[in-house]
Protein chains: 2
Amino acid sequence: MDTPRIVIEEQRLDANIEAMAAMARKAGVALRPHIKSHKLPQIAHKQLAAGACGITVAKLGEAEVMAEHGIKDIFIANEMMGPEKFARLHALARTVKLAVGVDSLEGAKALAESIRAQGSRMQRILDVLIEVDSGLRRCGVEPGKEVVRLAKDISKLQNLRLRGIFTHAGHSYGAADRTELEKIARAEGKVMVESAYDLRREGIEVEVVSVGATPTVAISAFVPGVTEIRPGNYVFYDAMQLALGVIPSIEYCSLRVHSTVISHPAPNRWVLDAGSKALSLDKGAHGHSGVEGHGIIIGQPQLRLVRLSEEHGVAEGESSLKVGDVVEIVPNHACTVVNLFDEVEVWHGAEREVWAVAARGKNR
Amino acid sequence: MDTPRIVIEEQRLDANIEAMAAMARKAGVALRPHIKSHKLPQIAHKQLAAGACGITVAKLGEAEVMAEHGIKDIFIANEMMGPEKFARLHALARTVKLAVGVDSLEGAKALAESIRAQGSRMQRILDVLIEVDSGLRRCGVEPGKEVVRLAKDISKLQNLRLRGIFTHAGHSYGAADRTELEKIARAEGKVMVESAYDLRREGIEVEVVSVGATPTVAISAFVPGVTEIRPGNYVFYDAMQLALGVIPSIEYCSLRVHSTVISHPAPNRWVLDAGSKALSLDKGAHGHSGVEGHGIIIGQPQLRLVRLSEEHGVAEGESSLKVGDVVEIVPNHACTVVNLFDEVEVWHGAEREVWAVAARGKNR
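Residues numbered from 1 in each chain as written. Chains lettered and ligands numbered in written order. Predicted model: local features only at pLDDT ≥ 70, side-chain atom pairs only at ≥ 80, totals over all residues.

J.: Would you mind showing me how to read the environment of A:Ile329 here?
T.: Residues and elements named next belong to chain A. Within the element layout of this structure, Ile 329 appears in strand E15 (residues 326–330). In sequence terms Ile 329 and Arg 149 are 180 residues apart; their C-alpha atoms lie 48 Å from each other. Among residues more than four places away in sequence, those in contact with Ile 329 are Arg 256, Val 257, Ser 259, Ala 274, Leu 279, Gly 295, Ile 296 and Ile 297. (Helix = DSSP H or I, 4+ residues; strand = E, 2+ residues; numbered from the N terminus. Contact = placed C-beta atoms within 7 Å.)

J.: Help me out: how do you make sense of the pairing of strand E8 (residues 208–211) of chain A in this one?
T.: For a regular strand, side chains alternate in direction, first toward one face of the sheet and then toward the other. Residues and elements named next belong to chain A. Of the strand pairs in this sheet, strand E7 (residues 160–166) and E8 are connected by 3 bridges, and their pairing is parallel. By the bridge assignment for E8, Ile 165 is matched with Val 209. With 2 bridges joining them, E8 and strand E9 (residues 228–229) adopt parallel strand pairing. In the strand pairing of E9, Val 211 is matched with Ile 229. (Pairing = 2+ DSSP bridges.)

J.: What is the right way to look at the domain arrangement of chain A in this model?
T.: Note: interface size is frequently given as the accessible area lost on complex formation between the parts. Residues and elements named next belong to chain A. Along its sequence, chain A is organised into domain 1 (10–232) and domain 2 (241–356). Using C-alpha coordinates to define each centre, domain 1 is positioned 31 Å away from domain 2. The interface is formed by 22 residues belonging to domain 1 together with 20 residues belonging to domain 2. Ranked by the residues each element gives to the side of domain 1 that touches domain 2, the list is headed by helix H1 (residues 10–27), at 5 residues. Grouping the constituent residues of the side of domain 1 that touches domain 2 by class yields 7 nonpolar, 10 polar and 5 charged. (Domains from an automatic or database assignment. Nonpolar A, V, L, I, M, F, W, Y, C, P; charged D, E, K, R; others polar.)

J.: Looking at this structure, how should I read the sheet that holds strand E2 (residues 30–31) of chain B?
T.: Strand pairing in a sheet is mediated by backbone hydrogen bonds. Such pairs are either parallel or antiparallel. Residue and element names in this part refer to chain B. Read across the open sheet, the 8 strands follow the order E2-E9-E8-E7-E6-E5-E4-E3; overall the sheet is parallel. The two strands at the open ends of the sheet, each matched to only one other strand, are E2 and strand E3 (55–57). With 2 bridges joining them, E2 and strand E9 (residues 228–229) adopt parallel strand pairing. For Leu 31, the partnering residue across the bridge sits in E9 and is Ile 229. Contacts between helix H7 (residues 178–201) and the sheet are confined to strand E7 (160–166) and strand E8 (208–211), with E8 contributing the most and set at about 160° to the helix. (Axes fitted to C-alpha atoms, helices over the stretch in contact; angles between N-to-C directions.)

J.: Can you help me understand the interface of chain B and chain A in this one?
T.: Between chain B and chain A, the residue contacts involve 56 residues of the former and 56 residues of the latter. When contributions to the side of chain B that touches chain A are tallied by element, the ones reaching two or more residues are helix H4 (83–93), helix H5 (105–118), strand E10 (255–266), helix H10 (276–279), strand E13 (303–309), strand E14 (312–317) and helix H11 (334–338) of chain B. Here the element with the most residues in the side of chain B that touches chain A is E10(B); it accounts for 5 residues.

Laid out in structure tokens, this is it:
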């Protein structure tokens, strides 16, 4: 079969989906998985069938694709701005249950005004959740006082309904060790529950207290007061999750990139047909993730993917690989890899199916 | 207009294309631009109209797309292996003038055998060029003796015709300064001309001596004996070329990513809606490229794009930017950015056109 290509092991995928759903049930929290990891309606439907309450997306374009594929409850866990975005958002809000993130009064006002400008034929109320910064230092207001201030401001805007608060402890990917990871996960839950308390003390209703990142949910889901988790990567796992200790072994990884050795020009160098256009250069967006090289080549412990250019993966070390051999690679970051392919192969025993990556490349 | 999106300034694009064509004419070499940089048939046709002899691609899938769009002379400057690839290659070779890279006897033999296996209805002779390693340490045989050995072996394979030799001095992107860059460029030409001499001394015909990378061609094109150059990035240029001193100013960059400020959660932090899915994490595949951050934000000298996650670009520093403002970013590496978008906008004065990135995502 032609390479490079993505192969997903469906039995492992299903087991990962069920394990997370079971954990959410045990913790008594809603599970709203982030589909940016897979971008595949087929997997979103598996997650819903396993008990997810809805899905999370990062971009409006992803929400549109998922809605086209029959998904009815979508949270866009991101801020957005611009008249084209708002027009598309309002169109989508007429067909599905939709909520969107806000973290500034300017953003909330622009959103509210765009609803007013739509006139009476349109949906007049949009659900929003305030993004809280639990330490990632990306988007989000500071926990506590800042959340209360923005919530009060939003309550004065007639076209928005504040449903709750959310955070993403993405800085967990940069945790130096297990101890630091657990500390980040506990803090993620704690600041959110405290912020919810602060809001309720001011008479502001907080239906949703949402946290989530695959490395943190095993802890943050069990913090009393957290109502929802939004992990994404757990469907596949990858070399970063392995390096972080989130999974005990590489067998949990359901996604691999198959690649062919196209050149073996020096005794200790092999060149694969999977480069940064297939494996991505991602080594963790939020600090050192502990990965070495650009992915793990299965069954080749002495070989390291030291360099990627666009169409070439350069592996160095020791191996008996020959030109023409096909290898399997567990990528550093499965989410960014799926975005680079138009389709994935799904293997279930001897059965093979091809799924189009329907929500790929939805930058907008 | 919606963001993030790619905007190409057509007048600057055309000027870049004409300047490279003029340089090739002055050097008396054929110009066979690498279309992996733009992946757009429209730009390939502009390059041909400006005098290019044909095009270079990195993947068979790119060649197929360009052939569908009427391009007749294609060099796949890469090795390939596998029966599916060979079948597609032979099908394509019946419709266009095609050549492909080889750097091993195993690869050449597999290619020759696949042609034989096609039977008499198919094209019986495929043009190949030997890839020579001029210092990148990726694919390619060592210059001199190794080239001669492989050429002699190939001459015994009845279904292949050796047209010449090629190299890519991609390590020029890691040059520490102008002096090192010029040294790499001179060496790129020199090892190729010497290898051609070695081959001819053995009675082996060498029609093509092909070099090329945008940073090196201004020097390597003028090395006597070089017959062809294959630059790619010059149509757009980018922050890496600027850092390398290949262009004197950012005005030469014809491609920008427009992005909206979606969050301004701290006095010195702004978050853009362009992350690694729009700007790529590329900082140079071949050593330190001298770029700082993940792209240059035009008109914001005190602002640096310090972090990218998939959908967020985090800028830190000083600025008067507000939530909702749109910025223009010159990316670090334009080639990898184009691969992330389904379409580009082309601006010519007040006129706007949308071009589909037809050869995007062609990993195979």
